[in-house]
Amino acid sequence: MEKVLASCGNDCLSCPRYIASTKEKTGEELRHTAELWLKIGYRDRIVSNEEISCKGCRPENWCRYRVVKCCGEKGIKNCSECPDYPCDNLKRCFAVTKSFEPKCREVCTNEEYEKLKKAFFKKEENLQAERKMIFQFKRIR
């Protein structure tokens, strides 16, 4: 299955927020995501569908760890291409993301948890796999 990785390694195509033209979400799906974000502690209230939807990593989007901005400044698509991988900032990003996993297991259905696990809790694995492919490609050339 194809992956679209966010700058930090999130699997965008698995994310319940991602609404790129190839993966449209219904209003009901976005509302469910907003309710889920409240339930797991990502938000302190149910937000609008417009606020919960994500159209991809862009410098103007809010990013707690400024990963998108950093990748843009370095001219790379995600952290797997960075010579400083994994930097302290990215390690904090991984740790904070993982800290939400127990709450997700507690309050989510199995289906919701598996979707979140694939989208967010495997970001480090995603970046490492991408990094491995990059270096294998460079060796071949």
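Before reading further, recall that the structure is shown in the block above.
Description of the structure in this document. (Residues numbered from 1 in each chain as written. Predicted model: local features only at pLDDT ≥ 70, side-chain atom pairs only at ≥ 80, totals over all residues. Heavy atoms only, no water.)

**Topic: the nonpolar core**
Formed by 33 residues in total, the largest nonpolar core has its most connected members in Trp37, Ile40, Leu90, Leu116 and Phe120. At the level of elements, α1 (27-40), α3 (67-74), α4 (88-99) and α6 (110-121) are the ones that each hand at least two residues to this core. Contact partners of leucine 116, with chain neighbours within four places excluded, come to Pro16, Leu36, Trp37, Ile40, Cys104, Cys108 and Phe121. (Core = buried A, V, L, I, M, F, W, Y, C linked by side-chain atoms within 4.5 Å. Buried < 20%, exposed > 50% of the residue type's maximum accessible area, 1.4 Å probe, protein only. Helix = DSSP H or I, 4+ residues; strand = E, 2+ residues; numbered from the N terminus. Contact = heavy atoms within 4.5 Å.)

**A word on the side chain of threonine 33**
Position of threonine 33 among the secondary structure elements: in helix α1. A polar contact of 3.3 Å, which involves the side chain of threonine 33, links it to the backbone oxygen of proline 16. (Polar contact = N/O pair within 3.5 Å; in protein donor to acceptor, adjacent residues only side chain to side chain.)

**Looking at the packing of aromatic side chains**
This structure, assessed with the given rule, holds 5 aromatic pairs. Taking the centre distance of 4.6 Å and the plane angle of 80° together, the rings of tyrosine 42 and phenylalanine 100 count as edge-to-face. Taken together, the residues span a long stretch of sequence, with tyrosine 42 in the loop between α1 and α2 (49-52) and phenylalanine 100 in the loop between α4 and α5 (101-107) at a distance of 58 residues. Since its relative accessible area comes to 22%, phenylalanine 100 is described here as partly exposed. The interplanar angle of 80° and the centroid separation of 6.3 Å between the aromatic rings of tyrosine 42 and phenylalanine 120 together place this pair among those described as edge-to-face. Taken as a pair, tyrosine 42 in the loop between α1 and α2 and phenylalanine 120 in helix α6 lie far apart in primary sequence, 78 residues in all. The same class applies to tyrosine 42 and to phenylalanine 120, which are both buried. Aromatic rings pair up to connect Trp37, Tyr42, Phe100 and Phe120 into one cluster. (Phe/Tyr/Trp six-rings, centres within 6.5 Å; stacked < 30°, edge-to-face > 60°.)

**Quick notes on the environment of lysine 91**
Take lysine 91: it is sitting in helix α4. Residues lysine 91 and glutamate 51 lie 40 residues apart in sequence; the distance between their C-alpha atoms is 27 Å.

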